[in-house]
Amino acid sequence: MPCHNQQISNVSSDSDHAVMKQVRFANNGSVSVNVNANNISVGAHTDNEVDTKLNGIEVHEDLHIQLGPQLKLLPLNDQIRELQTIIRDKSTSRGDFVFCADRLIRLVVEEGLNQLPYTECSVTTPTGHKYEGVKFERGNCGVSIMRSGEAMEQGLRDCCRSIRIGKILIQSDEETQKAKVYYAKFPPDIYRRKVLLMYPILSTGNTVIEAVRVLIEHGVQPRHIILLSLFSTPHGAKSIIQEFPDITILTTEVHPVAPTHFGQRYFGTD
């Protein structure tokens, strides 16, 4: 597989060459993202302007809202960074692409489940001892936005074998270029459930916005929706949070260039 034989250099103690490996969006609205100083650097300023640098190209996003608690990113490590690299590499074979995409999906799903409510409980171990632990509350479901969102379904089922999964098909209208709902099927009691909405690539955010509107029409509250995504652009995340301030977005990377080829590569239709 790509990258496996490449030596990963250690972080230098020299401040001029240090690599920040943690991605954090602070609750006070400040944003600090540093991933390999030559590639990505996102820093928040007092005027809520975020500068994003991609290989010397600067993209400025004026943030009119706080991107703190609503937007959650997986802490970046070498494993996640390699998976992101392989998925973005145009020379990656489809077999490696699917394998790495499934691994990254599993990490996002696991963290998504970690956002769900739980209660404390006590169990008895085989040795007769009491163990104080936790158990997740019932009443959760998944919803995949077809077609690329279906790539994340198996990852969710691997973690929750009996979870119910709904589907929604949204495509751009040929005349207006606006997102249009063509199909939607959810569990009948979805209005009582926490929803894990699955869509791997957030580019403009329009498709997700339309999907959330449909969920709201079925009685789901935005604060009960957790959007699971692999990659997001600053514009996509910003658009969704502006439209639905109570929604939670979970992703591995906020980057001005999204791998929009994901669905075609994953399903072999490229």
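J.: Before we go on, may I ask you to explain helix α2 (residues 94-113) in this structure?
T.: Between its terminal C-alpha atoms α2 stretches 28 Å, which fits the 28 Å expected from 20 residues at 1.5 Å a residue. Regarding α2, the residues found buried are D96, F97, V98, C100, A101, L104, I105, V108, V109, G112 and L113.

J.: Sorry if this is basic, but what is going on with the confidence of the model for the protein here?
T.: Close reading of the predicted structure is inappropriate where its pLDDT is low. For the protein, the mean per-residue pLDDT works out to 80, and 75% of the residues sit at or above 70. By mean pLDDT, strand β5 (residues 57-62) is the weakest element of the protein at 35, and strand β14 (residues 225-228) is the strongest at 98. Contacts for the low-pLDDT stretch residues 5-66, under 50 throughout, to residues beyond four places or in other chains number 102 contacts.

J.: So what exactly am I meant to see when it comes to the pairing of strand β8 (residues 130-136) here?
T.: Every regular strand shows the same layout, with side chains that alternate between the two sheet faces. Judged from the seven bridges that link them, strand β7 (residues 118-124) and β8 form a sheet pairing that is antiparallel. Looking at the pairing, S122 lines up with E132 of β8. Following β7, the chain reverses through five residues before pairing antiparallel with β8; G128 in that reversal takes a positive phi of roughly 90 degrees.

J.: Teacher, can you tell me more about the sheet that holds strand β15 (residues 231-232) here?
T.: Backbone-to-backbone hydrogen bonds join strands into a sheet, with any given pair of strands oriented parallel or antiparallel. Spatially, three strands are ordered β13-β15-β17 in an open sheet, and the strand pairing comes out parallel. Among the strands making up the open sheet, the edge pair consists of β13 (201-202) and β17 (253-254). Relative to β17, β15 is paired through two bridges, and the arrangement is parallel. By the bridge assignment, F231 is partnered in β17 with E253.

J.: Please clarify how the packing of helix α1 (residues 78-88) against α2 should be interpreted in this entry.
T.: A pair of packed helices is characterised by two quantities: the angle between their axes and the separation of those axes. For the pair α1 and α2, the least separation of the axes is 9 Å and the interaxial angle reads 140 degrees. With respect to their mutual orientation, α1 and α2 come out oblique. The crossing of α1 and α2 is left-handed. Contacts between α1 and α2 involve Q79, I80, L83, Q84, I86 and I87 from the first element and D96, F97, C100, A101, R103, L104 and L107 from the second. Residue composition of the contact of α1 with α2, by class: nine nonpolar, two polar and two charged.

Calculation notes
Residues numbered from 1 in each chain as written. Predicted model: local features only at pLDDT ≥ 70, side-chain atom pairs only at ≥ 80, totals over all residues. Heavy atoms only, no water. Helix = DSSP H or I, 4+ residues; strand = E, 2+ residues; numbered from the N terminus. Expected span 1.5 Å × (residues − 1). Buried < 20%, exposed > 50% of the residue type's maximum accessible area, 1.4 Å probe, protein only. pLDDT = per-residue confidence, 0-100. Contact = heavy atoms within 4.5 Å. Pairing = 2+ DSSP bridges. Axes fitted to C-alpha atoms, helices over the stretch in contact; angles between N-to-C directions. Parallel < 35°, antiparallel > 145°, perpendicular 65-115°, else oblique. Left-handed = near helix turned anticlockwise from the far one by under 90°. Nonpolar A, V, L, I, M, F, W, Y, C, P; charged D, E, K, R; others polar.

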